[in-house]
Structure formats: C-alpha cells, structure tokens
Amino acid sequence: MSVPSHLLADSPPTICKLEIKPHFEALSKEEKRYAHHISRASFHGTRIILRQVSPESEAIYDLIIRAYGICGGDWAKLGRETGVSEQNVQYWKEYAAQFLGNLGNFKSFGDQKFVPRIPEAELGKLMSCNPETQRTYAKWSADIYSILPESKTLLGYPEDGHVSEYYPGSPTITKEEIARVHELTGKEFMPENTRLVKAAETQAGKEVTTFMLRIASAETTDPTKTFFFGEQSGRPVVTVPPLDGPIITAVGADHHHQMGQIVAECDKAAKASLNEKEKDMFKQYSKAFRTGSMEAHKEAQKIWIQDKNPKVECNIGFIETYRDPAGLRGEWEGFVAMVNVEQTKKFGELVEKAGEFIPRLPWGKEFEKDEFRKPDFTSLEVLSFCTSGIPAGINIPNYDDVRQNFGFKNVSLGNVLSAKAPNEPITFIKEQDLALFEALRGAAFEVQVGIHELLGHGTGKLLGIENGKFNFDKENPPISPVTGEKITTWYKAGETWGSVFASIAASYEECRAECVAMYLGGEKDLLEIFGFKDDTEKKADDVLYVEYLNMARAGLLALEFWDPKFGKWGQGHMQARFSILKTMLSAGPSFITLESSVADHDDVVISLNRDQIRSHGIPAIGKYLQKLHIYKSTADVAAGKKLYDEMTSVGEDMAKYREVVMRKKLPRKQFVQANTVMGDDGEVKLVEYEPTLDDLIKSYVERDV
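Predicted model only: the values in this text are computed from it and were never measured.

K.L.:
What exactly am I supposed to notice about the overall build of the chain here?
P.N.:
Check the secondary structure of the chain and you find 27 helices and 20 strands. For the chain, whose C-alpha radius of gyration is 25 Å, the value lies close to the compact-globule estimate of 27 Å for 705 residues. Taken along its principal axes, the extent of the C-alpha atoms in the chain is 70 × 60 × 55 Å. Burial status across the chain gives 59% buried among its 705 residues. Put simply, of all contacts in the chain between residues at least 6 apart along the chain, 73% involve residues at least 24 apart. Accessible surface computed for the chain: about 28500 Å², of which carbon and sulfur atoms make up 49%. For the chain, the distance from the average site of its 86 positive side-chain charges to the average site of its 103 negative ones is 1 Å.

Below, the structure is given as structure tokens:
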C-alpha cells in the first residue's frame, strides 16, 4: 500500500539555526568551561531519548552516523557509488535531518511516526556501502518503513496497540497493571527515571507474570541502600510483595553506560562551577545519575532554584512526562544557556509586579499559594538543548512539593522564539490581518509565554495534607466558586497532582497556563511591562488582538495532532489550544467564526471581532480557567477529567476542517545547534553549523554521542 502523506518525512524540512555566538563569546574562560561540561552531560543522554521513543530509533541513529562516517559527509558520492539517484539521496538526507531534529522516528510534537520518502530497496542499496550498515539495515528496515497496523504509527499505551518504549518489550502490559505497579512501588521509587518491563517466567513448572522496574543509574550498586542485593546478574534488586498477583522487581543500571558518561561530565561541571551553589547542585546531580536516586535529583532542583541570576543557566534530568501515556515517566533532557540581560529586565519587572496580577485571576486567596515565592525569570539564549523537541519557555521543577515549598524558575528561550524560516507562509489568517499578524506575532507570543510560565504554571495551591497536616481549614473548608458549595475533595497524604490526574495532567496543566495567559493578556499595565501602550508604535490592543488571533489559529492547527480513527490526541499543548479555540467559539455568535465559501473548506480563515475580546473573549476564557483551576486545586479528578474530555473532544463541526489543516500543514522547525570543543589547554571553542541538511547531520556526527 502507498504511504499516507502525513506519515512521510517532510520534504523539505524547515531548518533554523540557534544563534548563540555573541552570547557565548561574551563569557569568561571559566564560564565557557562550565557551560561546555553541562553541554556534554546533556548530549550524552541522546541515546536515552532514542530508547524512550521506539525500538528501532537507536539503530536508525547508528545508521545515520556510520553512513556519514563512511562517505565523509559526501552523500552525493555515496549515491553514485551505490547507484542511488540524487533525488533519493536527497530524500534520505531529509529523513535523517528530521530524525535527528526529533531524536527518533516519531515526531516530538504530535507523537506520529514518519517514514523515509526514499524507497525501501533504494535505501538498502545506499546502506550496502559497508557490511555493518548493511547488517543493521537488514535487521531494522521493516520497522523503519512499517505503517501497519495503523495504531503502531502513534505513541501511546501498548494495550491500545500503540508504541511506548517506557514499557519496552511489553505489548500486553495494561493500564491497570501500570497503575498498580506505581501504586505499590511509587513511595520507594519515584517513576521519572524508570522503565517498566512485563515478562512471563516459568517457576516450579508454572508460568507466572513478572514486572521489572528498570532504574536509570551508572552504578549497579546503590550506596543509599534503597536496594538490597539479590541473585539477578549481580545487580541490586528489591522485591516489593504486591497485595496479590505477580512479583515486581526494581533493578538499577538502566542506560548505565550513558549515565556513567553523564556522571563524569557532572563531576567536571562541579569542579568548573562558578559558585558554591552550582558546585553543590552538580554534586547532587552526579549522585542522582550515579545511584538512580530521584531524591538526590530533587535536592539538586532545590539548590538550582536558589542559584539566582546565574550567567550560565542550566537544568538536566528526566524532566517532562508528556510522552509516557501514563504521565509518570520522564524523558531525558538537558540544556545550558546564556542569559540575555536586556530581555530579562522585562521579565524581572513582571516578577516584581506578580503580586498585583495574581489577585485578578478568577479564584479566591483560599485557592492560591499562601506566599508567592518570586522566582528567577530570565530570557535565555540556548547553547545546547538535548531533547526531542526544544520548547519556547520552561517552568520547572515539576516536583509539587518543591514548587509549593521552595519555588520554581521560569525561562523564556529567546533564540528559539526568534528563529524563523525564510518565506514561511501564514495559513488561515484573513488577508486584511496578515500584515499586522506578521508584524506582531513575535511580540504577542513573547507576552503569552511570559504570562504562561510565570503566572500560569507559577500560581495555584494544591489543597490537601502536607507533612501530616491539612493546609486548609478542614472544619470550615473553602467555598468553590464553581459550585458555590464547600469543597469535598483534596489531596491525600502521598498524592501529587500528577498521580491523581495521571495521563491528562500534563496537557490539562498546559491548558490552565495558556488560559491564564489569555485571561491576563489584556491587562494594560501588564502589556506596558513589555513596552506596549496605546501610544507606542506597537499598540497594546493590537498585540492583544494578535495574541487571540494566534491562539485561535493554533487551536485550528491542532487538528493535525488529533487522530480521527483512534480519537487520540498526540500532543498535549495542541490539545489544550484546541479546547481554548472551542471556548472562544462558544463565547458568542459574533466573537469568532471560521469562514469558508467552498465545500472542502480550502479557503477557511479565522474571523475575530477585536471589539469583543474584553466583553466576550476574556470572560469566556475566565469561566473555563476557573473550572480548570478549582478542579486541580481540590484534586477533583472526576469533574476535571469530565470537563477536559468534553472540551477536547472533536465533533463533526470541527472535524470537517482537519483535511484542509493536513493539506496546508507546515513542517515543524528543526534546529541546528552549535557544539563546544575543549582543547588540551582547557580553552573551549564554539563550533557553529549552517541551517542545512548536511550541517544538521554533521553537528550530530561531531557531537560523538
């Protein structure tokens, strides 16, 4: 069968360069050395990410790297020598570049598989250049090109027929089993740095089911004595007796080679650190990655929060849980970046005035933190970011207790926000809005990201039991503004936001933060912080209009990431934005409409009444936001899930636009990042690459991970 167009690799992919040279060159020798070791520690996790995506991803990575080495990057010559046409060589390079940009053969934004446009036999000829690449390709070619069953083209629960390497080799593992293992082991082993394997063993002539919780660590022993030694391969094991059923065994040393490399660079970063906090932080990181202790990682995050206004900013670990269908296990990521001082001043003012804006949100003080801990909020220029997909902004750490008791940090990634592809078309915007949209899209997105990260993710109290005590008056509980009655649900001891809301938690929280940005985005004094007033060149109301227009467009574009056959969303942020578009569409018949004049909706555009943003749009967003927030704050997962399922369901009225969205979809940006190289004299030099297919591939080859 022919491959559906949405499963083919982008041709051509959009490649952008992360500009960093002036910011890196402004660092001192010591700062460059510190940044170098963090960069190396981050990128040593590349293969971990590949193993978290699909069974074949690491093999594809090896094919790309080895084939490049064989031909010295002269792909045209390799094509001539193996009898492969220029066009098919070009298709291979496009696939390789998109693969490296996503660190896997599933899109980081959408969790959809993509396959090469070069025919399978032609790629086989190209890989015949060397016995090793030939053997590897012969073993994995069927998996590289497989698109059946269709369910296997999406990441998700194995029980639903999807792919998830957080549960490697476990096609029969069920959602209930995943939840049960976490219930039994979660208090002793935090799940972020684990993978879970289900197997069948024969014991006393009887087949029994076993589960192995594989913990990422460099060592096969654990000096914290969380494990005790068993008989299994001489590795530390601990058996948790379940209430009934199979045995669960926790085993260290998953990804042990990569974790060892990461530990070595963390140790060097500690020695090269610029202050005592950074030294202590990297000692804790080293301990976490050496032993597998997520408690040590949590300690590192506490220290990181206290490292105020660093010139070199970073974070590293198993952080975001978006791609685990159960929302428990974290993808490896690590970044190092330089602070943009001028841009950071705006965010600093937003932090200082946060106390003025938080009371304007649609809930009372009972549902807000007792104290807003003013975080660092910096604009960063990324040097290195090892991840499947680079975000525009970050609010971390994700540990609920750390956020509640120690605070958090916000970062906006300036050179990611400003990266643009030449002549990028803008779809679904009315012609009379195009000039304004293009002129102010960057400014509006900057405001949105700033509010989203600081006042979105940074607000809200989780009502429940902390340190054995209720953090609210249980005898006289607060009145819910949603129901008008006293709350009846809260977080029990040991429960977290993630454990209660589980698989919807990540997308739900992104939706809440986006709604905060949309709700406060029209505040004149907030817009003034970013330099937008009624009498400035970029007028405040114009920025607000483009912010709403951009969100509506994002909600429409989100249909690309909804699979109509399985009714499944592949990207949490876009799922959230679709629900916000639905909210805007329900704000009144004349506030926003999708206009088209042809049967296939090929000319559909967004018509937004800018005069009704404050009278219709913001109140509608506020009503939705209030529900999202109160349900989260009170652990009311039943009401929260019901609401979110309703708001993210795609009815016929919206599904009809998916075909035109798919026809006009644009390739997602792939970023070319610089490398750093340390000489024998300890001097660190920057190696930059051009935004081309060849240089994107070359950057990974020279990264040598």
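K.L.:
Please explain the pattern of salt bridges as it appears in this structure.
P.N.:
A side chain of one charge can pair with a side chain of the opposite charge if their charged atoms are brought near each other. Applying the stated criterion to the full structure yields 43 salt bridges. We note a salt bridge from arginine 180 to glutamate 183, for which the minimum N-O separation is 3.3 Å. Of this pair, arginine 180 and glutamate 183 are both found in helix H9 (residues 175–185), three residues apart, which corresponds to roughly one turn of the helix. Classification of glutamate 183 by relative accessible area gives exposed; the value is 54%. Glutamate 646 serves as the salt-bridge partner of lysine 642, at 2.9 Å between the closest nitrogen and oxygen. Residue lysine 642 and its partner glutamate 646 are both found in helix H24 (residues 637–648); the two are separated by four residues, about one turn of the helix.

K.L.:
Hey, could you run me through the sheet that holds strand E9 (residues 377–386) in this one?
P.N.:
The strands making up a sheet are joined through hydrogen bonds of the backbone, oriented either antiparallel or parallel. Taken together, five strands build an open sheet; the order of strands is E7-E8-E9-E11-E10 and the sheet is mixed. The open sheet has two free edges, formed respectively by strand E7 (312–320) and strand E10 (393–396), since each of these has just one partner strand. In this sheet, neighbouring strand axes are inclined to one another by 35° on average, regardless of whether the strands run parallel or antiparallel. The pairing of strand E8 (residues 331–339) with E9 spans six bridges and is classified as antiparallel. Within the sheet, the bridge partner assigned to glycine 334 lies in E9 and is cysteine 386. Across the sheet, helix H2 (residues 29–43) touches E7, E8 and E9, and the angle it forms with E8 is around 160°.

K.L.:
What's the story with the pairing of strand E17 (residues 605–608) in this structure? I'm lost.
P.N.:
Taken residue by residue, a regular strand's side chains alternate between the two faces of the sheet. Burial of the side chains of E17 extends over both faces: Val605 and Ser607 are buried on one face and Ile606 and Leu608 on the other. As paired elements, strand E16 (residues 592–595) and E17 share four bridges and run antiparallel to each other. Residue pairing for E17: leucine 594 is matched across the bridge by isoleucine 606.

K.L.:
It is not clear to me how the packing of aromatic side chains should be interpreted in this structure. Could you clarify?
P.N.:
Aromatic ring pairs are defined here through the distance separating the ring centres and the angle between the ring planes. What the rule picks out here adds up to 24 aromatic pairs. Ring centres 6.1 Å apart and planes at 65° place the aromatic pair tyrosine 68 and tryptophan 75 in the edge-to-face group. Of the two residues, tyrosine 68 and tryptophan 75, both sit in the buried class. Through pairs of rings, three or more aromatic residues link up here, namely Tyr34, Phe282, Tyr285, Phe289, Phe318 and Trp332. The positively charged end of lysine 298 is found above the aromatic ring belonging to tyrosine 399, 5.4 Å away from the centroid. It is arginine 703 that lies over the ring of phenylalanine 43; its NZ or CZ is 4.2 Å from the centre.

K.L.:
Whenever I open this one, the side chain of serine 412 confuses me. Can you help?
P.N.:
With respect to the secondary-structure elements, serine 412 resides in strand E11 (residues 409–413). Relative accessible area serves as the criterion here: at 2%, serine 412 is assigned to the buried category. If near-sequence neighbours (up to four positions away) are discounted, serine 412 is found in contact with Phe347, Phe377, Thr378, Ser379, Leu380, Ala392, Gly393, Leu417 and Val449.

K.L.:
Help me understand H2 in this model?
P.N.:
An α-helix turns once every 3.6 residues. As a result, residues three or four positions apart point the same way. Taking 1.5 Å as the rise per residue, H2 with 15 residues should run 21 Å; its terminal C-alpha atoms sit 21 Å apart, in good agreement. Most of H2 is tucked away: twelve of the 15 residues are buried. Three or more residues of H2 are buried, namely Glu31, Lys32, Tyr34, Ala35, His36, His37, Ile38, Ser39, Arg40, Ala41, Ser42 and Phe43.

K.L.:
Help me understand the packing of H2 against helix H10 (residues 256–272) in this model?
P.N.:
Helix-helix packing is described using two parameters, namely the angle between the two axes and the distance between the axes. At a closest axis distance of 8 Å, the pairing of H2 and H10 adopts a crossing angle of 165°. When the axes of H2 and H10 are compared, the pair comes out roughly antiparallel. Handedness of the H2/H10 crossing: left-handed. Residues Glu30, Arg33, Tyr34, His37, Ile38, Arg40 and Ala41 of H2 form the contact with H10, whose participating residues are Ile262, Glu265, Cys266, Lys268, Ala269 and Ala272. The residue inventory of the contact of H2 with H10, partitioned by class, reads seven nonpolar, one polar and five charged.

K.L.:
Sorry if this is basic, but what is going on with unusual backbone geometry here?
P.N.:
Most peptide bonds take the trans configuration, and most residues that are not glycine carry a negative phi. Along the chain, leucine 148 connects to proline 149 via a cis peptide bond; the corresponding omega equals -10°. On the secondary structure map, proline 149 appears in the loop between helix H8 (131–145) and H9. Phi is positive for alanine 253, which is not a glycine, with a value near 75°. Exposure remark for alanine 253: the relative accessible area of 3% places this residue in the buried category. Phi is positive for phenylalanine 428, close to 70°, though the residue is something other than glycine.

K.L.:
When you look at helix H12 (residues 294–306) in this model, what are you seeing that I'm missing?
P.N.:
With 13 residues, H12 extends 19 Å from end C-alpha to end C-alpha; this agrees with the ideal 18 Å at 1.5 Å per step. Counting buried positions along H12 yields ten of 13 residues, so the element is predominantly enclosed. Buried residues of H12: Met294, Ala296, His297, Lys298, Ala300, Gln301, Lys302, Ile303, Trp304 and Ile305, and no others. Buried residues belonging to H12 abut helix H11 (276–291), E7, E10, helix H15 (400–405) and E11.

K.L.:
Just to check I follow, could you spell out the state of the cysteines for this structure?
P.N.:
Throughout this description, disulfide means a covalent bond between two cysteine sulfur atoms. For the coordinates displayed, the defined rule picks out zero disulfides. Free cysteine cysteine 16: the closest other cysteine sulfur is in cysteine 386, separated by 19 Å. Given the relative accessible area of 3%, cysteine 16 is considered buried. Take cysteine 314: it sits in no disulfide, and the sulfur closest to it among the cysteines is that of cysteine 266, at 9.0 Å.

Criteria and cut-off values
- Residues numbered from 1 in each chain as written.
- Predicted model: local features only at pLDDT ≥ 70, side-chain atom pairs only at ≥ 80, totals over all residues.
- Heavy atoms only, no water.
- Helix = DSSP H or I, 4+ residues; strand = E, 2+ residues; numbered from the N terminus.
- Rg over C-alpha atoms; globule rule 2.2 N^0.38 Å.
- Buried < 20%, exposed > 50% of the residue type's maximum accessible area, 1.4 Å probe, protein only.
- Contact = heavy atoms within 4.5 Å.
- Areas by Shrake-Rupley, 256 points an atom, 1.4 Å probe, with all protein chains shown as cover.
- Lys, Arg positive; Asp, Glu negative; His and termini not counted.
- Charge placed at Lys NZ, Arg CZ, Asp CG, Glu CD.
- Salt bridge = Lys/Arg side-chain N within 4 Å of Asp/Glu carboxyl O.
- Pairing = 2+ DSSP bridges.
- Axes fitted to C-alpha atoms, helices over the stretch in contact; angles between N-to-C directions.
- Phe/Tyr/Trp six-rings, centres within 6.5 Å; stacked < 30°, edge-to-face > 60°.
- Lys NZ or Arg CZ within 6 Å of the ring centre and 35° of its normal.
- Expected span 1.5 Å × (residues − 1).
- Parallel < 35°, antiparallel > 145°, perpendicular 65-115°, else oblique.
- Left-handed = near helix turned anticlockwise from the far one by under 90°.
- Nonpolar A, V, L, I, M, F, W, Y, C, P; charged D, E, K, R; others polar.
- Disulfide = S-S within 2.5 Å.

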